[in-house]
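Each chain is listed here by its residues.
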Amino acid sequence: MQKISSLTLVLSDTCNFSCPYCPQQKGKNTLKIEDIYDFLDLLRPRLDREVWLGFYGGEPLLSWPLIKKTVAYAEKNYKNKFRFTLTTNGSLLKKEHILFFKKYRFDLVLSYDGLAQKIRDARSLPEVETALKNLQHHYPDGYVINSVFTPQTVPLLAASMEEMLKRGHERLQYSLDTCVPWKKADLAILEKQLDRLTTICVRHQQKHGKMPLENFKKNEGQGIFACFAGRDRLALLPDRTVWGCYLFYDLLGHDRQSRDYAKYSFGELEGFMAGFKKGFPAVAANYAELRQDYFFSEKKELCSLCDDLERCAVCPVTAALASGTLAVIPSWTCEVKKIGRRAKARFAAKPDRAGVSMENTHA
Ligand code: SF4
Ligand code: SF4
């Protein structure tokens, strides 16, 4: 088995938001600190030299004591093994948290939808805006803002990113909610928005010499995409079950009797620990089949025959949340991916101030 380089702790399934695009099942489960210690200690011999340890929720800051205890345990028993990451909606993020995250060099993901935030949760605006100012002041290079757009909010995409660029945030990324259908008209708006965003980003690069948008940065790896779940990563969920990636729980966790639950769940923590040597490889083998060239569209067109195969990467769970079946990709997801790739290519081809294409400057 490959070494583990990424672990996610879904501390609880409780959240103080109810975002329209969140696929997570909400509940009142919370991990116990002993579960986290057991999980880390069991996997110790399998851990890579450096491992990303991610805190996720619900809203993970609702479980602040768990975060502090886990970090203290990791620092004491796994010196410099872990790089920490945490994803938050920002509404509970105070200076005290930010200074702690800075001390332990966390890579933070702040979920904030720019001009669409008021549609997502209008009451959250003052707290999240304050958190953003605090981050910018105390830990400017420690976070990325992830902004999610839906067919309803996509007309706000370019202006939202432009506003955040103007405010000087160092890392931004947009995400698109493909769990819901994108009609032809929505896709046309997306294309226009990304075209406008390309122009904005080129101007920004010319003026400031850097480009904060992660989506337009050059990918390191090429070749056929494979889902990472169960290969080099695992997740511990708040009901104490173990999965290859937390997203599988969102898709399958509600039905313990289903065939796919048995296929992709590593079981509850005790079972996972007791049967680690035997049970683990059998379930991991199922994850290994989740490769882009094994996927196909709802019209039964195989990705392996698509010209874009080596440039495309679709999360099989996100696709299944829309299509109902793992490895089956809805038609709008193909279109959304193609539009994103075209925008990235346009950005790479535009000359910068020195007349050199962006592609070259990134090489
Ligand atoms: S564009 Fe669509 S068909 Fe082509 S590889 Fe991507 S998901 Fe598969
Ligand atoms: S592709 Fe999707 S399911 Fe696989 S590891 Fe990435 S986010 Fe998780």
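Residues numbered from 1 in each chain as written. Chains lettered and ligands numbered in written order. Predicted model: local features only at pLDDT ≥ 70, side-chain atom pairs only at ≥ 80, totals over all residues.

Chemist: Looking at this structure, I do not really get the overall build of the chain. What am I missing?
Modeler: Counting its secondary structure elements, the chain contains 14 helices and 11 strands. Taking 363 residues into account, the globule formula puts the C-alpha radius of gyration at 21 Å, and the chain, at 21 Å, falls close to it. Across the 363 residues of the chain, 39% fall into the buried class. Considering only residue pairs separated by 6 or more positions, the chain has 72% of its internal contacts joining residues 24 or more positions apart. (Helix = DSSP H or I, 4+ residues; strand = E, 2+ residues; numbered from the N terminus. Rg over C-alpha atoms; globule rule 2.2 N^0.38 Å. Buried ≥ 20, exposed ≤ 12 C-beta atoms within 10 Å, placed from the backbone. Contact = placed C-beta atoms within 7 Å.)

Chemist: Would you explain the nonpolar core in this entry?
Modeler: Proteins that are soluble and globular tend to have nonpolar side chains buried together. Judged by nonpolar contacts, the single largest core of 86 residues is most densely connected at Met161, Trp243, Tyr246 and Phe248. Not counting residues up to four positions away in its chain, the partners in contact with methionine 161 are Gly114, Leu172, Tyr174, Leu197, Ile200 and Leu213. (Core = buried A, V, L, I, M, F, W, Y, C linked by C-beta atoms within 7 Å.)

Chemist: I tried to follow the site of ligand 2 on my own but got confused; where do I start?
Modeler: Inspection of the region around ligand 2 gives Cys227, Phe228, Ala229, Cys245, Leu247, Cys315 and Val317 as its neighbouring residues. Of the residues belonging to the shell around ligand 2, the class tally is 7 nonpolar, no polar and no charged. (Near = placed C-beta within 6 Å. Nonpolar A, V, L, I, M, F, W, Y, C, P; charged D, E, K, R; others polar.)

Chemist: What should I look at first to understand the confidence of the model for the chain in this one?
Modeler: Note that predicted coordinates carrying low pLDDT should not be read in detail. For the chain, per-residue confidence averages 93 on the pLDDT scale, and 96% of positions sit at 70 or higher. Across residues 359–363, where pLDDT falls below 50, the model places 6 contacts with residues more than four positions away in sequence or in other chains. (pLDDT = per-residue confidence, 0-100.)

Chemist: Would you take a moment to explain the site of ligand 1 for this structure?
Modeler: For ligand 1, the set of nearby residues contains 13 residues, the closest of which are Cys303, Cys306, Asp308, Cys312 and Cys334. Of the residues forming the shell around ligand 1, the biggest block, 3 residues, is contributed by helix α13 (residues 331–349). Considering only residue class, the shell around ligand 1 consists of 8 nonpolar, 2 polar and 3 charged.

Chemist: Honestly, the sheet that holds strand β7 (residues 233–236) in this entry has me stumped. Any pointers?
Modeler: In a beta sheet, neighbouring strands are held together by backbone hydrogen bonds and run either parallel or antiparallel to one another. Ordered by their spatial adjacency, 9 strands build an open sheet running β6-β5-β4-β3-β2-β1-β7-β8-β9, and the pairing between neighbours is mixed. At either margin of the open sheet sits one strand with a lone partner, and together these are β6 (172–176) and β9 (265–268). The sheet shows a mean angle of 20 degrees between the axes of neighbouring strands, direction not considered. Alignment of β7 against strand β8 (residues 241–243), held across 2 bridges, turns out to be antiparallel. Looking across to β8, one finds that alanine 235 is bridged to tryptophan 243. (Pairing = 2+ DSSP bridges. Axes fitted to C-alpha atoms, helices over the stretch in contact; angles between N-to-C directions.)

Chemist: Hey, could you run me through the environment of alanine 262 in this one?
Modeler: Summarising the element assignment, alanine 262 is placed in helix α9 (residues 259–264). Each C-alpha atom, one on alanine 262 and one on leucine 252, is 9.5 Å from the other, the two residues being 10 residues apart in sequence.

Chemist: What exactly am I supposed to notice about the environment of threonine 198 here?
Modeler: For threonine 198, the location among the structural elements is in helix α7 (residues 184–208). Sequence separation of threonine 198 and phenylalanine 216 is 18 residues, and the distance between their C-alpha atoms is 8.6 Å. With sequence-adjacent residues up to four places away left out, threonine 198 is seen in contact with Ala343, Arg346 and Phe347.

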